[in-house]
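This is what each chain is made of:
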Amino acid sequence: MPLKAGIVGLPNVGKSTLFNAITNSAVEAANYPFATIKPNTGVVVVPDERLDYLCEKFEPLKKVNATFEFYDIAGLVKGASKGEGLGNQFLAAIRESDAICEVVRCFESSEIIHVEDSVNPRRDVEIIDLELAMSDFDAVEKRIGRVEAKARLSKDKTAAYEMAILNPLKETLSKGIPARLCKELSEEQFEYARKNFFLLTLKPILYVANVSDTDYADLDACAHYQTLKAIAAEQGAQCIPVSCQIEYELSTLDKAERDEFLLSLGAKESGLDKLVKASYKLLNLSTFFTAGKDECRAWTFPNGATAPECAGIIHTDFQKGFIKAEVYDFEDFVKYGSEPAIKEAGKLRVEGKEYRMKDGDVVFFRFNV
């Protein structure tokens, strides 16, 4: 399933450098606003140690990781919701994304200009929140204009239900507060809004603190990072510290050099590995595996999906002709060492159409079309 995370932020915060590191590509990264005009797209693999382990044991002809798309989106400035700068392009690109990775500058540098002339994570977050909220406010007002009379005059139940959601959203957005932080709505109402209103500030968000290489070694002493971390906590969001410059340098190394560099930093995995995994999880997704001598593969599925629905991710015929799923836990594979040993221990399960897949399931689907 094609999933896209938009990398957003003010100009010159490190978005393109981060994108280059993620995709090991050569997108222009320049010291002036709007170096990125059209969103660049890169497909990256989702690192998964479990898939690596399965490949060690099965020795397949092919290994296929789950993938994730990142958009590098043009920098936003004040007034974007009214078309300032490249605002219209910026907002349109975000609409095409499933989630938002907001890069916030948390490092000082006299050599790299800041569009607001100083480094202030809270102000920068508020600028983007306000612009996205104002764009959503306009969208909510237009929808209210379409359904208000219907709800009042014809007593239309759907329209009345929508108005009970739209009015609190309008009030929240009018204050420049993202729709996802509206306190008056239930989870059911939020889910309806996400499916039907397509608001920018209802998209899940992950904050990426771009810190200097020296601060990366002592994050507790990095005041800008601590500020952004506090903002994320206030919103119930994640905040990941990354030194975009270090990550870009890591992306140019081979695996042995990269591992040695990470070891020198006292890290088991790069900030980018953490970012990709966090972005993957941001959309409430999990992974199941298919494993054999021909191929070991990680498949992405939304939490709560049934076995037939997951079979359909592999091929629509698998879902149409679903008979059963033979499933075992990855952890049981580690414990018992092989599929025959898992069967002997009674840990291989036969699941039907009602089974909801779990993260880490290793599965073989039986079907007939």
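Quick look at the structure, then. (Residues numbered from 1 in each chain as written. Predicted model: local features only at pLDDT ≥ 70, side-chain atom pairs only at ≥ 80, totals over all residues. Heavy atoms only, no water.)

### A word on the side chain of T287
Take T287: it is sitting in strand β8 (residues 285–291). Classification of T287 by relative accessible area gives buried; the value is 2%. Leaving out residues up to four positions away in the same chain, T287 has contacts with D48, R50, Y280, A298, W299, F301, K358, D359, G360 and D361. (Helix = DSSP H or I, 4+ residues; strand = E, 2+ residues; numbered from the N terminus. Buried < 20%, exposed > 50% of the residue type's maximum accessible area, 1.4 Å probe, protein only. Contact = heavy atoms within 4.5 Å.)

### As for the pairing of strand β9 (residues 295–302)
By the bridge criterion, 3 bridges tie strand β3 (residues 62–64) to β9 in an arrangement that is parallel. Following the sheet pairing, K62 is matched in β9 by E295. Inspection of the sheet shows β8 paired to β9 by 7 bridges, in the antiparallel sense. Directly across from S286, in β9, lies its bridge partner F301. Between the end of β8 and the start of β9, which pair antiparallel, lie 3 residues. (Pairing = 2+ DSSP bridges.)

### Thoughts on the sheet that holds strand β2 (residues 40–45)
As summarised here, the arrangement of the 6 strands in space is β2-β4-β1-β5-β6-β7, forming an open sheet in which the pairing is mixed. A strand with exactly one partner marks an edge of an open sheet, and here the two such strands are β2 and β7 (238–242). Across this sheet, the average inter-strand angle for adjacent strands is 25 degrees, counted without regard to direction. Bridge analysis of strand β6 (residues 205–210) against β7 gives 5 bridges, and the strand direction is parallel. (Axes fitted to C-alpha atoms, helices over the stretch in contact; angles between N-to-C directions.)

### Regarding the pairing of strand β4 (residues 67–72)
Of all 6 residues making up β4, 5 are buried, and the element is well covered by its neighbours. One ladder, built from 4 bridges, connects strand β1 (residues 4–8) with β4; its direction is parallel. From the neighbouring strand, A5 faces β4, where its bridge partner is F70. By the bridge criterion, 6 bridges tie β2 to β4 in an arrangement that is antiparallel. From the neighbouring strand, V43 faces β4, where its bridge partner is E69.

### Side note on the layout of surface pockets
Reported here for the largest pocket is a volume of approximately 820 Å³. Together, 28 residues line the largest pocket, and V45, P47, R258, S270 and D273 are the ones closest to its centre. Those elements that place two or more of their residues in the lining of the largest pocket are α1 (15–23), β2, α2 (49–58), α9 (244–251), α10 (255–265) and α11 (271–282). Taken together, the residues of the lining of the largest pocket break down into 10 nonpolar, 5 polar and 13 charged. Its boundaries defined by the atoms lining it, the second largest pocket holds a volume of some 710 Å³. In terms of lining residues, the second largest pocket is bounded by 23 residues, among which D98, R194, L202, K203 and P204 are the most central. (1 Å grid on protein atoms, 1.4 Å probe; cavity = no way out; pocket = protein on both sides within 12 Å on 5 of 7 lines; lining within 4 Å. Points joined across faces, edges and corners; volume = space filled by probe spheres on them. Nonpolar A, V, L, I, M, F, W, Y, C, P; charged D, E, K, R; others polar.)

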